[in-house]
Amino acid sequence: MKKIQVYLTLILLLCYSMSSLGQDDYVELTEKEKELFVQQDDPDEEVGETDLEYDIIIMDIGFNRWLNQIAQPKGYYSQSFLEQRNYFYVLEWNRRVLEPRVFDPLLYELQINYEHGIDYGYDVNYQLYNYFIYFQRRFNQRLGPFLPRI
């Protein structure tokens with residue numbers, strides 16, 4: 001069991017150290033994205049389904065419109081892909097929340113309660129993953145070694 005913990009710790013440290021590599025990579029926004037980022041969205045618009053065991057509430061004006069017009073459609077990514085990416089994005093997000101002197105506390109306000117190994121369902125993982133992509137593209141942030149591509 002200790003070997004697994006050691007390997008997992010080494011993998012996480014490797015991923016964390018790699019997250020700073022390639023930080024100079026530039027993500028080019030599409031014209032449609034640039035227009036959406038300056039437009040105001042209807043804050044009452046909801047994307048999630050209400051009969052699910054887990055639900056996600058994203059309170060970022062503009063995200064719902066971006067999700068509906070720019071993001072890849074549901075079914076494009078597998079649930080395991082979304083879960084893996086979300087796990088690493090959540091780790092980095094929560095780390096930045098805990099370091100308000102280093103990272104803008106207006107961008108990283110609240111921690112995300114997302115536990116690896118819990119099946120949150122496809123919809124929650126899809127919305128969370130796309131929020132991370134939207135956030136990184138809109139605010140020119142990098143939450144890991146992956147380029148935030150659409």
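Scroll up to find the structure.
Now for a quick tour of the structure.

Criteria and cut-off values
Residues numbered from 1 in each chain as written. Predicted model: local features only at pLDDT ≥ 70, side-chain atom pairs only at ≥ 80, totals over all residues. Heavy atoms only, no water. Helix = DSSP H or I, 4+ residues; strand = E, 2+ residues; numbered from the N terminus. Buried < 20%, exposed > 50% of the residue type's maximum accessible area, 1.4 Å probe, protein only. Contact = heavy atoms within 4.5 Å. Areas by Shrake-Rupley, 256 points an atom, 1.4 Å probe, with all protein chains shown as cover. Axes fitted to C-alpha atoms, helices over the stretch in contact; angles between N-to-C directions. Parallel < 35°, antiparallel > 145°, perpendicular 65-115°, else oblique. Left-handed = near helix turned anticlockwise from the far one by under 90°. Nonpolar A, V, L, I, M, F, W, Y, C, P; charged D, E, K, R; others polar. 1 Å grid on protein atoms, 1.4 Å probe; cavity = no way out; pocket = protein on both sides within 12 Å on 5 of 7 lines; lining within 4 Å. Points joined across faces, edges and corners; volume = space filled by probe spheres on them. Expected span 1.5 Å × (residues − 1). Phe/Tyr/Trp six-rings, centres within 6.5 Å; stacked < 30°, edge-to-face > 60°. Lys NZ or Arg CZ within 6 Å of the ring centre and 35° of its normal. Salt bridge = Lys/Arg side-chain N within 4 Å of Asp/Glu carboxyl O.

1. Comments concerning the overall build of the chain
Then, number 1: Scanning the chain for helices and strands turns up five helices and zero strands.
Then, number 2: Each helix and strand of the chain, placed in order from N terminus to C terminus, yields the pattern α-α-α-α-α.
Then, number 3: Residues classed as buried in the chain amount to 35% of the 150 residues present.
Then, number 4: Counting only contacts in the chain whose residues sit at least 6 apart along the sequence, the fraction spanning at least 24 positions is 74%.
Then, number 5: Of the roughly 10000 Å² of accessible surface on the chain, 54% is carried by carbon and sulfur atoms.

2. Some words on the packing of helix 4 (residues 79-97) against helix 5 (residues 122-139)
Then, number 1: Where helix 4 contacts helix 5, the axes come no closer than 9 Å and their chain directions differ by 50°. As the angle between them shows, helix 4 and helix 5 are arranged oblique. In the packing of helix 4 onto helix 5, the handedness of the crossing is left-handed. Residues Gln79, Phe81, Leu82, Glu83, Arg85, Asn86, Tyr89, Val90 and Trp93 of helix 4 touch helix 5, and the partners they reach there are Tyr122, Asn125, Tyr126, Leu128, Tyr129, Tyr131, Phe132, Ile133, Phe135 and Gln136.
Then, number 2: Along the lines of polarity and charge, the residues of the contact of helix 4 with helix 5 split into 13 nonpolar, four polar and two charged.

3. Examining the side chain of Gln72
Then, number 1: One can find Gln72 in the loop between helix 3 (63-69) and helix 4.
Then, number 2: Among the residues examined, Gln72 registers a relative accessible area of 18% and is labelled buried.
Then, number 3: Those residues in contact with Gln72, other than ones at most four positions away along the chain, are Tyr77, Tyr126 and Ile150.

4. As for empty space enclosed by the protein
A water-sized probe, rolled over the atoms, reveals where empty space remains.
Then, number 1: Counted under the stated rule, the structure contains one cavity of 30 Å³ or more.
Then, number 2: Taken as a whole, the largest cavity spans an internal volume of roughly 30 Å³.
Then, number 3: In terms of residue count, helix 5 provides more of the lining of the largest cavity than any other element does, three residues in total.
Then, number 4: Across the lining of the largest cavity, the residue classes tally to five nonpolar, two polar and one charged.

5. A word on helix 4
Then, number 1: An ideal rise of 1.5 Å per residue puts 27 Å on 19 residues; helix 4 measures up with 26 Å between its terminal C-alpha atoms.
Then, number 2: Within the span of helix 4, buried status applies to Leu82, Arg85, Asn86, Tyr87, Tyr89, Val90, Glu92, Trp93, Asn94, Arg96 and Val97.

6. Considerations on the packing of aromatic side chains
Then, number 1: Applying the stated rule across the entire model yields 24 aromatic pairs.
Then, number 2: Residues Phe103 and Tyr108 carry aromatic rings whose centres are separated by 6.1 Å and whose planes lie at 75° to one another, so their mutual orientation is edge-to-face. Taken individually, Phe103 and Tyr108 each receive the classification buried, so the pair is uniform in this respect.
Then, number 3: Geometrically, the ring pair formed by Tyr114 and Tyr120 is stacked, given 4.8 Å between the ring centres and 25° between the ring planes. Side by side, Tyr114 and Tyr120 carry an identical accessibility label, which is buried.
Then, number 4: In this arrangement the basic side chain of Arg85 is found over the ring face of Phe146, its NZ or CZ atom lying 3.7 Å from the centre.

7. Considerations on the pattern of salt bridges
Where charged atoms of side chains with opposite charge meet at close range, the side chains can pair.
Then, number 1: All told, the structure shown has five salt bridges when counted by the stated rule.
Then, number 2: For Lys74, the salt bridge goes to Asp123, with nearest N and O atoms at 3.1 Å. You can see Lys74 sitting in the loop between helix 3 and helix 4 and its partner Asp123 sitting in helix 5, a full 49 residues away along the chain.
Then, number 3: Residue Lys74 is classed as partly exposed on the basis of its relative accessible area of 42%.
Then, number 4: With relative accessibility at 14%, the residue Asp123 sits in the buried group.

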